[in-house]
Amino acid sequence: MATFCSGKTSWPELVGEIGAVAAATIKLQNPIVNPIILMLGTPVTREFRCDRVWVWVDAMGRVSKLPVVG
């Protein structure tokens, strides 16, 4: 995906994890990025950024989409 971004860029192992735990894991594994927890369906900006990871969670607070840099 984002081969020009530094560090780890996707976290498939976090799908199903609690959102806050996933965000902390992402930050630990790539300190350059800012993980942002959002409910599914929340409108977001669409520009690509190497320093951002959307952490999409469901109503139970579990990660429901693959967290990736962008």
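Note that the structure is a prediction, hence the values are computed from the model and not measured. (Residues numbered from 1 in each chain as written. Predicted model: local features only at pLDDT ≥ 70, side-chain atom pairs only at ≥ 80, totals over all residues. Heavy atoms only, no water.)

Comments concerning the packing of aromatic side chains
Taken as a whole, this structure holds two aromatic pairs when the rule is applied. Seen in terms of ring centroids, Trp 54 and Trp 56 are 6.4 Å apart; in terms of plane orientation they differ by 50°. Their pairing is tilted. Note on accessibility: Trp 54 and Trp 56 belong to one class, buried. Geometry around Trp 56 places Lys 65 over its ring, the cationic atom sitting 5.2 Å from the centre. (Phe/Tyr/Trp six-rings, centres within 6.5 Å; stacked < 30°, edge-to-face > 60°. Buried < 20%, exposed > 50% of the residue type's maximum accessible area, 1.4 Å probe, protein only. Lys NZ or Arg CZ within 6 Å of the ring centre and 35° of its normal.)

Thoughts on the nonpolar core
Cys 5, Trp 11, Leu 14, Ala 22, Ile 26, Val 33, Val 53, Val 55, Val 57, Val 63 and Val 69 form the largest nonpolar core, which has 11 residues in total. Of all elements in the fold, only helix H1 (19–29) and strand S2 (52–57) reach the threshold of two or more residues within this core. Here this core gets three residues from one element, more than from any other, and that element is S2. Look past the residues within four positions of Ala 22 in its chain and what remains in contact with it is Leu 14, Glu 17, Val 55 and Val 63. (Core = buried A, V, L, I, M, F, W, Y, C linked by side-chain atoms within 4.5 Å. Helix = DSSP H or I, 4+ residues; strand = E, 2+ residues; numbered from the N terminus. Contact = heavy atoms within 4.5 Å.)

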